[in-house]
Each structure stands twice: as C-alpha cells, then as structure tokens.
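What follows is each chain in one-letter form.
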Amino acid sequence: DKLQLGNSSDLQIYHNGTNSYIKNTTGALVVPTATFALKNAADNENIISAFENGQVELYYDNSKKFNTRAAGIDITGDLRFDSSVTGGIVRLRDNQQIFCGSGDDLQIYHDGSNSYIKHSGGGNLRIETTGDADEDIYLDAYDDIYLQVADGADAVKCIGGGAVELYYND
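All of these numbers come straight from a predicted model, not from anything done at the bench.

Another point: a negative patch on the surface. On the surface, Asp 132, Asp 134, Glu 135 and Asp 136 cluster together to form a negatively charged patch. Along the chain, the position of Glu 135 falls in the loop between β11 (115-119) and β12 (145-149).

Rendered as structure tokens:
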C-alpha cells in the first residue's frame, strides 16, 4: 500500500517489498526542524546531524568526519582527492592560505604576485630526501635564485646564465 498525499499524489510513502520510500514528485521536499538526525537502522549510530543556526555533521561508522562551522569546515582524518574525479587539484584563491601545525607554524599561499612557503614556529624548516643516495634536491628557476638570511640579507645569488655570487654579512 502507498500513502499518497496531494492533489496528484505528489507525496508518497510506501514499501515495495524490499525498500521503504518517501517520494516527492513535485517541488522540493522540505523538512522544517530545529535539529535533523539521520541514524542507522538500529538507531545507535549517527549518519548525518544538522542543527538550526549551527553546524552540519557527517559521520562514518558513527565517527564524525566532517563538520561545518561559522568560519568554515573541520575535517577529522585524511583529506584525499580521487584524481580520476577531481584531477587531484586543490585550488585556493589569492591570499588564501594552507596552515599546518598546532600554532599554524607552516603556511603556504600566493598573494596575487608572489608564492610563499613560510615557517614561523619553533624548530627548523627542513626540505629533505630520505631515500637512497641517488636522491637530490633541485631548486629550478626561470632566471635567478637568491638565498637570503636574517631580514633579507643576501647569502648566495645564482644569476641565470651568469655568475654565482657568495656573500658574507650581506
């Protein structure tokens, strides 16, 4: 049997012998509520929770993995991009930053003119290879490469198509 509501049976609730359905055949299906919870069949695990004027939470095996908030989103666990679907690309607009570390110690961003990898916390910024003896590190530039120390003092300049200059105390 079907429970059919509306002039043209626009809303239907039924079971087909295998699955249960709430079917809306016109307009939007609107569920006004202060809190929305979608749970598993045993009613002991969260799947989706939504709160009026608040967050929306998504769960995997009753463990919250995605949460919206006023300033953005929180993700618990790995953030992975399936290259067959997205091309494996993450795009951020100018001046949007990626922060890493509990104190936002590592920042990666583009300001509209220049690109930055900044380290501002304790410890060192390390760029390393940890494989075998055949692994190298390359810095490639179309033109010049500058290595600078405290407050932008020059230490090494590699001039594209030209000299290598070494500096002591700028």
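Past the structure itself, the notes keep going.
All right, on to the sheet that holds strand β14 (residues 164-166) then. In a beta sheet, neighbouring strands pair by backbone hydrogen bonds and run either parallel or antiparallel. Strand order in the open sheet formed by three strands is β12-β13-β14, and the pairing between neighbours is antiparallel. Each of the sheet's edge strands pairs with one partner strand only, and the pair in question is β12 and β14. Along the sheet, successive strands turn relative to each other by an average axial angle of 20°, direction set aside. Bridge count for β12 against strand β13 (residues 153-158) is five bridges, and the pairing is antiparallel. Among the inter-strand pairings, Leu 147 is bridged to a residue of β13, identified as Val 156.

Our next topic: unusual backbone geometry. The phi torsion at Asn 62 lies on the positive side, around 65°, for a residue other than glycine. With respect to the secondary-structure elements, Asn 62 resides in the loop between β6 (56-60) and β7 (63-69). Despite not being glycine, Asp 151 has its phi angle at roughly 55°, a positive value. On the secondary structure map, Asp 151 appears in the loop between β12 and β13. For Asp 151, a relative accessible area of 85% gives the class exposed.

Attention now moves to the pattern of salt bridges. Within this structure, the stated rule accounts for four salt bridges. When the shortest N-O distance is used, the salt bridge between Lys 64 and Glu 57 registers 3.4 Å. Residue classification places Lys 64 among the partly exposed positions, given a relative accessible area of 35%. Its salt-bridge partner being Arg 126, residue Glu 128 comes within 2.8 Å of it at the nearest N-O pair.

Moving on to the sheet that holds β7. Spatially, the five strands line up as an open sheet ordered β4-β5-β6-β7-β8, and their pairing is antiparallel. The sheet terminates laterally at β4 (35-39) and β8 (72-75), the two strands that pair on one side only. Strand-to-strand twist in this sheet, taken as the mean axis angle between neighbours without regard to direction, amounts to 10°.

One ladder, built from four bridges, connects strand β9 (residues 97-100) with strand β10 (residues 106-110); its direction is antiparallel. In the strand pairing of β10, Cys 100 is matched with Leu 106. Hairpin remark: β9 followed by β10, antiparallel, with five residues in the connecting loop; positive phi at Gly 101, about 95°.

The final tally for this structure, using the stated rule, is two aromatic pairs. Measuring from ring centre to ring centre gives 5.1 Å for Tyr 14 and Tyr 21, while their planes differ by 20°; the resulting arrangement is stacked. Relative accessible area serves as the criterion here: at 34%, Tyr 21 is assigned to the partly exposed category. With centroids separated by 4.9 Å and ring planes inclined at 20°, the aromatic side chains of Tyr 109 and Tyr 116 adopt a geometry described as stacked. Of the residues examined, Tyr 116 reaches a relative accessible area of 28% and is grouped as partly exposed. Against the face of Tyr 116 rests Lys 118, its NZ or CZ located 5.7 Å from the ring centre.

About the criteria used
Residues numbered from 1 in each chain as written. Predicted model: local features only at pLDDT ≥ 70, side-chain atom pairs only at ≥ 80, totals over all residues. Heavy atoms only, no water. Patch = residues over 30% accessible without salt bridge, like charges linked within 9 Å, V, L, I, M, F, W, Y side chains within 5 Å. Areas by Shrake-Rupley, 256 points an atom, 1.4 Å probe, with all protein chains shown as cover. Salt bridge = Lys/Arg side-chain N within 4 Å of Asp/Glu carboxyl O. Lys, Arg positive; Asp, Glu negative; His and termini not counted. Charge placed at Lys NZ, Arg CZ, Asp CG, Glu CD. Helix = DSSP H or I, 4+ residues; strand = E, 2+ residues; numbered from the N terminus. Pairing = 2+ DSSP bridges. Axes fitted to C-alpha atoms, helices over the stretch in contact; angles between N-to-C directions. Buried < 20%, exposed > 50% of the residue type's maximum accessible area, 1.4 Å probe, protein only. Phe/Tyr/Trp six-rings, centres within 6.5 Å; stacked < 30°, edge-to-face > 60°. Lys NZ or Arg CZ within 6 Å of the ring centre and 35° of its normal.

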